[in-house]
Amino acid sequence: MSVYKREGEETYSYDFWRYSIRYSGNTGETSKREAERAEKKLKDSIPRAAKLKAKTASKTKMTFGEACARYFMEVSQFHAAPDTALADFALLENRVGKHKDISEISSNDIALVIAKRRGDLAKGTKRLVTNGTVNKSVTKRLSAILNRATNVWEIPTKRIKWGDHLLPETQERIRELSMSEEAELFAQIRYDYQPIAYFLLRMGCRRNEAIHLAWRDIDWGNRELKVTGKGNKTRYLPMPEDVYKLLYNLPRADLDHVFTYVVQRGRYKGELRPITPEGFKTQFTRDKGKTDIADFKMHDLRHTAATRIMRAKGNLKLVQRILGHSNIETTTRYAHVVKNDILDGFEATSPTKSPTENIIQKINDKIQEVK
């Protein structure tokens, strides 16, 4: 078994390979035996999908459990966080019914699953999950599976108005790190996690894009790197001088992962291991907690990069390409930067700085006189 405890954590994590895919995450278990059982359950859930193609190729009916497994085999395993998809599918199988025929899943069934999910607590907290989490883990997962069943597997399903089930989400706020906050944050981030944090701050990449960056993705001659983002879409970004030097000087202990951390204790103390999503999240949260910086999350490193570029260039299309947004509307959230700069420009040329500083008062006086 490959379960182990990360430094400073109470629960066991897992890290293993299956069919050339790496799976890592936290079991949520404090007992090694229970953690091993959880890992085995996860491992056992993966091979089922490998047997489904022949089994379901000529079927006109399919259970929801079979649909989840086949969708994982054909789609989700190639995404950046396959373990998250497996966790979502396990939850849905439990609440929809693993053996329920997908052709019988109704709008009412979906509404009930959503209602139940809204009552769940966010992992490791005492607060309810957000509407965004419900949309991603339930509505969008179910929509993707049932639509593929109808359009690709040619298995009939009920007509669902998915828009009626999407919950309203709070628009993502843009939190930019100030220069003083940046200095304070990096003074606390553990040294072996500083390179990946700096990379996110400078390049505006998503966490998983950085974690899965491999040495083969870097073209040193052209000073360019290939980033694989959501939906397995790739984009190419030129490296500024500071990022080029940062990456060039990193130890190359793992050909498949640019960013690694140093094991701090135990049998493998001193060894370099690839940084994992959960490990990075835990370490970043711990280090940020040592600062006085309020209302700041790891993803805000990406927001900071985008905001600074937008302020410097004032070009939404440029920011869109850097961030890898498919839709320009997603990028318009950064337009406030240009709006503020325009306002600053107007304020800088206000009447108080002009020979005609009294013109506004004179106009108002004339209007009142006419009245």
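Quick caveat, the model's predicted, so the values are computed rather than measured.

Asks: Is there a simple way to think about the pattern of salt bridges in this case?
Replies: For side chains bearing opposite charge, pairing can occur when the charged atoms are close. Enumeration according to the criterion identifies 19 salt bridges in this entry. Across the salt bridge formed by arginine 95 and aspartate 120, the nearest N and O atoms sit 2.8 Å from each other. Of this pair, arginine 95 sits in helix 5 (residues 82-97) while aspartate 120 sits in the loop between helix 6 (107-118) and helix 7 (131-151), and the two are 25 residues apart along the sequence. Classification of arginine 95 by relative accessible area gives partly exposed; the value is 25%. With relative accessibility at 15%, the residue aspartate 120 sits in the buried group. With its nearest N and O atoms 2.5 Å apart, the salt bridge here joins arginine 223 to glutamate 241. Taken together, the residues arginine 223 in the loop between strand 4 (218-219) and strand 5 (224-228) and glutamate 241 in helix 11 (residues 241-248) connect sequence positions 18 residues apart. On the basis of relative accessible area, glutamate 241 is assigned to the partly exposed category, the value being 40%. Each of Arg70, Glu74 and Arg148 takes part in one network of salt bridges that share partners.

Asks: Looking at this model, I keep getting lost on the environment of methionine 298. Mind explaining?
Replies: Note that methionine 298 resides in the loop between helix 12 (277-288) and helix 13 (300-313). As for methionine 298 and arginine 206, which are separated by 92 residues in sequence, their C-alpha atoms are 9.4 Å apart. If we ignore the near neighbours within four places in the chain, the residues touching methionine 298 are Leu200, Arg207, Phe280, Lys281 and Phe284.

Asks: Explanation requested: the confidence of the model for the protein in the structure shown.
Replies: Should the pLDDT be low somewhere, the predicted coordinates at that spot are not to be read in detail. Per-residue confidence for the protein gives a mean pLDDT of 84, with 85% of residues at or over 70. No element of the protein has a lower mean pLDDT than helix 3 (residues 52-56), which averages 49, and none a higher one than helix 6, which averages 96.

Asks: Help me understand the sheet that holds strand 4, please; the structure alone is not making it clear to me.
Replies: By way of backbone hydrogen bonds, the strands of a sheet pair with one another, either parallel or antiparallel. Taking strand neighbours across the sheet as the criterion, the three strands line up as 4-5-6 in an open arrangement whose pairing is antiparallel. Of all the strands in the sheet, just strand 4 and strand 6 (234-238) have a single pairing partner and so form its edges. As paired strands, strand 5 and strand 6 are joined by five bridges and run antiparallel to one another. For threonine 228, the partnering residue across the bridge sits in strand 6 and is threonine 234.

Asks: Help me understand a positive patch on the surface in this model?
Replies: A contiguous patch of positive charge, built from Lys123, Arg127, Lys281 and Lys297, is present on the exposed surface. Mapped onto the fold, lysine 297 is located in the loop between helix 12 and helix 13.

Asks: Which parts of the structure should I look at to understand helix 1 (residues 32-45)?
Replies: Each turn of an α-helix holds 3.6 residues, which means side chains three or four residues apart point in the same direction. If you check helix 1, its first and last C-alpha atoms are 20 Å apart, about what 14 residues at 1.5 Å a residue would give, namely 20 Å. Residue serine 31 occupies the N-cap position of helix 1, its side-chain oxygen lying 3.3 Å from the main-chain nitrogen of arginine 33.

Asks: How should unusual backbone geometry be read in this particular structure?
Replies: Leaving glycine aside, a negative phi is the common case for residues, and trans is the common case for peptide bonds. Residues other than glycine seldom take positive phi values, yet arginine 223 does so here, at roughly 50 degrees. Positioned with a positive phi, aspartate 295 is a non-glycine residue whose angle comes to about 50 degrees. Note that aspartate 295 resides in the loop between helix 12 and helix 13. Owing to a relative accessible area of 52%, aspartate 295 belongs among the exposed residues under this scheme.

Asks: Explain the environment of glycine 132 to me, please; I cannot follow it from the model alone.
Replies: Along the chain, the position of glycine 132 falls in helix 7. Assessed through its relative accessible area of 13%, glycine 132 is described here as buried. With 36 residues separating them along the chain, glycine 132 and proline 168 place their C-alpha atoms 7.9 Å apart.

Asks: Hey, could you run me through the packing of helix 4 (residues 64-74) against helix 5 in this one?
Replies: When two helices pack together, their arrangement is given by the angle between the helix axes and by the axis-to-axis distance. Viewed as axis vectors pointing N to C, helix 4 and helix 5 meet at an angle of 170 degrees, and their least axial separation amounts to 10 Å. Relative to helix 5, the element helix 4 is oriented roughly antiparallel. For the pair helix 4 and helix 5, contact is made by Phe64, Gly65, Cys68, Tyr71 and Phe72 and by Pro82, Leu86, Phe89, Leu92, Glu93, Val96 and Gly97, respectively.

Asks: So what exactly am I meant to see when it comes to the side chain of histidine 303 here?
Replies: Tracing the backbone through its elements, the reader meets histidine 303 in helix 13. For histidine 303, a relative accessible area of 1% puts it in the buried group. A polar side-chain atom of histidine 303 sits 2.8 Å from a polar atom in the side chain of tyrosine 334.

Asks: What's the story with the packing of aromatic side chains in this structure? I'm lost.
Replies: Two aromatic rings, taken as a pair, are described by how far apart their centres are and by the angle between their planes. Counted according to the given criterion, the structure contains ten aromatic pairs. With a centroid separation of 6.0 Å and 20 degrees between ring planes, the pair formed by tyrosine 193 and phenylalanine 280 is classed as stacked. Of this pair, tyrosine 193 sits in the loop between helix 8 (179-188) and helix 9 (194-203) while phenylalanine 280 sits in helix 12; the two residues are 87 residues apart in sequence, bridging distant segments of the chain. For tyrosine 193, a relative accessible area of 5% gives the class buried. Summarising the aromatic geometry, the rings of tryptophan 220 and tyrosine 244 are spaced 5.5 Å apart at their centres and angled 85 degrees between planes, so their arrangement reads as edge-to-face. Taken together, the residues tryptophan 220 in the loop between strand 4 and strand 5 and tyrosine 244 in helix 11 connect sequence positions 24 residues apart. Across this residue pair, the class does not change: tryptophan 220 and tyrosine 244 are buried. Among the aromatic residues, ring-to-ring pairing joins Tyr193, Tyr261, Phe280 and Phe284 into one connected group.

About the criteria used
- As a convention, each chain's residues are numbered from 1 in the sequence order in which they are written.
- Since the coordinates come from a predicted model, pLDDT governs what is reported: local features require at least 70, and pairs of side-chain atoms require 80 or more to be given and counted, while whole-chain, interface and lining totals use all residues.
- To get the side-chain values, all heavy atoms of the structure are used, and hydrogens and water are removed first.
- Definition used for salt bridges: Asp or Glu carboxyl oxygen within 4 Å of a side-chain nitrogen of Lys or Arg.
- Working definition: helices are DSSP H or I runs of at least four residues, strands are E runs of at least two. Numbering for both runs from the N terminus.
- To sort residues, take the accessible area from a 1.4 Å probe on protein chains only and compare it with the maximum for the residue type: under 20% means buried, over 50% means exposed, and anything in between is partly exposed.
- Any two residues whose heavy atoms approach within 4.5 Å are treated as being in contact.
- Every residue is assigned a pLDDT by the predictor, reflecting its confidence on a scale from 0 to 100.
- For two strands to pair, DSSP has to find at least two bridges joining them.
- Residues enter a patch when their relative accessible area is above 30% and they make no salt bridge; the linking distance is 9 Å between like charges and 5 Å between nonpolar side chains (Val, Leu, Ile, Met, Phe, Trp, Tyr).
- Only the protein chains shown count as cover for residues, and the accessible areas themselves come from Shrake-Rupley with a 1.4 Å probe.
- Neither His nor the chain ends is counted toward charge; the positive residues are Lys and Arg and the negative residues Asp and Glu.
- Taken as the charge centre is NZ of Lys, CZ of Arg, CG of Asp or CD of Glu, depending on the residue.
- A helix is expected to reach a length of 1.5 Å times the quantity of its residues less one.
- In protein, a polar contact requires one atom able to donate a hydrogen and another able to accept it; more generally it is a pair of N or O atoms within 3.5 Å, and residues adjacent in sequence count only if both atoms are side-chain atoms.
- Each axis is a line fitted through C-alpha atoms, and for a helix only the stretch in contact is used; angles between axes span 0 to 180 degrees, taken between their N-to-C directions.
- Our angle categories are set so that under 35 degrees counts as roughly parallel, over 145 as roughly antiparallel, 65 to 115 as roughly perpendicular, and the remainder as oblique.
- Here a Phe, Tyr or Trp ring, Trp counted by its six-membered ring, pairs with any other such ring whose centre lies within 6.5 Å, and the pair is stacked when the planes are under 30 degrees apart, edge-to-face when over 60, and tilted otherwise.

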